[in-house]
Amino acid sequence: MKDAAWERMEEFAREELGRPLFGGRLSLQPTSRLEEDLGLTGLDAVEFIDKWAQTFNVQEQEFPYRSYFSPEGQQLLSSFLGLFSKRFRRPALVPLTLGMLAEAARRGRWDTAEIEASATRDN
């Protein structure tokens, strides 16, 4: 059975992310993580989520960007400083997947607890 929400999500991601550096087709799965697998961080990640919400008409007023994405270019410095002080250690990021975004699109809203619980059950 085809999943229309996933197909739309995959099409959107391909359009927004483009082709891999060395050509070919971008490998996208519901389990593809935006930061770890697709390299979205910082402002690029915020813009991707904002455009996703607009395109899929998802209510995402309280989207927890900091829970899912590292700030651009600051990972190395934060990691280094975190070796010496807990104050500079960021909490571990929650992996945000394309499947989670497709689920929120089905629901028409972002509910962090429900979407994360659904993703945990699916894996």
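Computed from a prediction, not measured in an experiment: that's the story for all the values here.

K.L.:
I'm lost on the packing of aromatic side chains in this one. Help?
P.N.:
Each aromatic ring pair is specified by the distance between its two centres and by the angle formed by the two planes. As enumerated under the stated definition, the model contains seven aromatic pairs in all. Pairing Phe12 with Phe48 gives two aromatic rings, centres 5.3 Å apart and planes at 50 degrees, and the pair type is tilted. Linking Phe12 in helix H1 (residues 4-17) with Phe48 in helix H2 (residues 42-56), this pair joins segments that are 36 residues apart in sequence. The buried category is assigned to Phe12, whose relative accessible area is 7%. On the basis of relative accessible area, Phe48 is assigned to the buried category, the value being 4%. With 5.5 Å between their ring centres and 40 degrees between their planes, Phe63 and Tyr68 make a pair best called tilted. Feature note: the residues Trp52, Phe63, Tyr65, Tyr68 and Trp110 constitute an aromatic cluster, connected by ring pairs.

K.L.:
Explain unusual backbone geometry to me, please; I cannot follow it from the model alone.
P.N.:
Trans is the common state for peptide bonds, and a negative phi is the common state for residues other than glycine. Its identity is not glycine, yet Asn57 carries a phi of approximately 55 degrees, on the positive side. Of note, Asn57 is situated in the loop between H2 and helix H3 (65-68). Given the relative accessible area of 66%, Asn57 is considered exposed.

K.L.:
I keep staring at the pattern of salt bridges and nothing clicks. Help me out?
P.N.:
Opposite charge on two side chains makes pairing possible when the charged atoms of those side chains draw close. Taken as a whole, this structure holds nine salt bridges when the rule is applied. The partner of Lys51 in a salt bridge is Glu16, with the nearest N and O atoms 3.0 Å apart. Within this pair, whereas Lys51 is found in helix H2, its partner Glu16 is found in helix H1, the two being separated by 35 residues in sequence. Of the residues examined, Glu16 reaches a relative accessible area of 29% and is grouped as partly exposed. In the salt-bridge network here, residues are joined through shared partners; they are Asp3, Glu103, Arg106, Arg107, Arg109, Asp111 and Glu114.

K.L.:
I keep staring at the packing of H2 against helix H5 (residues 98-107) and nothing clicks. Help me out?
P.N.:
Helix packing geometry: the angle between the two helix axes and the distance between the axes. As a packed pair, H2 and H5 sit with axes 10 Å apart at the nearest point and diverge in direction by 30 degrees. In terms of crossing hand, the pair formed by H2 and H5 is right-handed. Listed contacts from H5 to Phe48, Ile49, Trp52 and Phe56 of H2 are Leu98, Leu101, Ala104 and Ala105. Considered class by class, the residues forming the contact of H2 with H5 number eight nonpolar, no polar and no charged.

Cut-off values and rules
Residues numbered from 1 in each chain as written. Predicted model: local features only at pLDDT ≥ 70, side-chain atom pairs only at ≥ 80, totals over all residues. Heavy atoms only, no water. Phe/Tyr/Trp six-rings, centres within 6.5 Å; stacked < 30°, edge-to-face > 60°. Helix = DSSP H or I, 4+ residues; strand = E, 2+ residues; numbered from the N terminus. Buried < 20%, exposed > 50% of the residue type's maximum accessible area, 1.4 Å probe, protein only. Salt bridge = Lys/Arg side-chain N within 4 Å of Asp/Glu carboxyl O. Axes fitted to C-alpha atoms, helices over the stretch in contact; angles between N-to-C directions. Left-handed = near helix turned anticlockwise from the far one by under 90°. Contact = heavy atoms within 4.5 Å. Nonpolar A, V, L, I, M, F, W, Y, C, P; charged D, E, K, R; others polar.

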